[in-house]
Amino acid sequence: MELSSSSIRQLRCQMGWSQSDLAHRLGIECARVRAWEEGTEDPSADCRETLRFMLRQSEASSSELFEAPQMEALLDSTDRDCVNRRDWIKERRVRDREL
């Protein structure tokens with residue numbers, strides 16, 4: 001599966017994630033995600049593997065991504081809470097109200 005700047009952006013947008021959200025889930029700096037999407041940098045081997053997994057899962061069903069045991073294994077315990085889409089949506093709504 002080819003990882004292009006547009007496929008990374010498409011995955012991120014499909015999941016409703018900001019560049020910062022994706023960076024947090026991958027444990028990297030937001031500037032890296034921005035560089036990938038601009039095509040000025042390529043993801044590391046570890047990030048490519050995780051992104052390919054996310055893409056496969058999102059193609060099957062975006063809701064399954066949050067329940068996939070393989071995805072949980074890739075994330076450490078502190079990040080698992082961030083993956084819960086309902087919590088993310090709730091947190092986003094609170095942030096939007098604060099702005």
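Residues numbered from 1 in each chain as written. Predicted model: local features only at pLDDT ≥ 70, side-chain atom pairs only at ≥ 80, totals over all residues. Heavy atoms only, no water.

S.K.: Looking at this structure, how should I read the overall build of the protein?
M.R.: Secondary structure assignment for the protein yields seven helices and zero strands. Scanning the protein from its N terminus toward the C terminus, one meets helices and strands in the order α-α-α-α-α-α-α. By residue count, 34% of the 99 residues in the protein fall in the buried class. Of the contacts formed within the protein by residues at least 6 apart in sequence, a portion of 53% connects residues at least 24 apart. With the model as given, the accessible surface of the protein reaches about 6,400 Å², and the carbon-plus-sulfur share is 43%. (Helix = DSSP H or I, 4+ residues; strand = E, 2+ residues; numbered from the N terminus. Buried < 20%, exposed > 50% of the residue type's maximum accessible area, 1.4 Å probe, protein only. Contact = heavy atoms within 4.5 Å. Areas by Shrake-Rupley, 256 points an atom, 1.4 Å probe, with all protein chains shown as cover.)

S.K.: Quick question: what am I supposed to make of the packing of helix 2 (residues 19-26) against helix 3 (residues 30-38) here?
M.R.: Pairs of packed helices are described in terms of their axes, by the angle between the two and the distance that separates them. Look at helix 2 against helix 3: their axes get within 8 Å of each other, and the N-to-C directions meet at 115 degrees. Judged by the inter-axis angle, helix 2 sits roughly perpendicular to helix 3. Note on packing geometry: the crossing formed by helix 2 with helix 3 is right-handed. From helix 2, Gln19, Ser20, Leu22, Ala23 and Leu26 reach across to helix 3, where they touch Cys30, Val33, Arg34, Trp36 and Glu37. Of the residues assigned to the contact of helix 2 with helix 3, the class counts are six nonpolar, two polar and two charged. (Axes fitted to C-alpha atoms, helices over the stretch in contact; angles between N-to-C directions. Parallel < 35°, antiparallel > 145°, perpendicular 65-115°, else oblique. Left-handed = near helix turned anticlockwise from the far one by under 90°. Nonpolar A, V, L, I, M, F, W, Y, C, P; charged D, E, K, R; others polar.)

S.K.: Where do I start with the packing of helix 1 (residues 5-15) against helix 3 in this structure?
M.R.: At a minimum axis separation of 7 Å, helix 1 and helix 3 run at an interaxial angle of 125 degrees. In terms of axis orientation, helix 1 runs oblique to helix 3. Where helix 1 approaches helix 3, its residues Ser5, Ile8, Arg9 and Arg12 are matched on the opposing element by Val33, Trp36 and Glu37. The class makeup of the residues in the contact of helix 1 with helix 3 is three nonpolar, one polar and three charged.

S.K.: Looking at this structure, I do not really get the nonpolar core. What am I missing?
M.R.: Side chains of nonpolar character tend, in soluble globular proteins, to be buried together. The biggest cluster of nonpolar side chains holds 14 residues, and the ones touching the most others in it are Ile8, Leu11, Leu22, Leu26, Trp36, Leu51 and Met54. Contributing elements (two or more residues each) for this core: helix 1, helix 2, helix 3 and helix 4 (45-60). The greatest single-element share of this core, amounting to four residues, is contributed by helix 4. (Core = buried A, V, L, I, M, F, W, Y, C linked by side-chain atoms within 4.5 Å.)

S.K.: Hey, could you run me through the pattern of salt bridges in this one?
M.R.: Where side chains of opposite charge bring their charged atoms close, a pairing between them can arise. Tallied over the entire structure, the rule returns two salt bridges. Measuring nitrogen to oxygen at the nearest pair gives 2.6 Å for the salt bridge that ties Glu37 to Arg12. Residue Glu37 is located in helix 3, and its partner Arg12 is located in helix 1; the two are separated by 25 residues in the primary sequence. For Glu37, a relative accessible area of 15% corresponds to the buried category. For the salt bridge of Glu41 with Arg32, the shortest nitrogen-to-oxygen distance reads 2.7 Å. Among the residues examined, Arg32 registers a relative accessible area of 42% and is labelled partly exposed. (Salt bridge = Lys/Arg side-chain N within 4 Å of Asp/Glu carboxyl O.)

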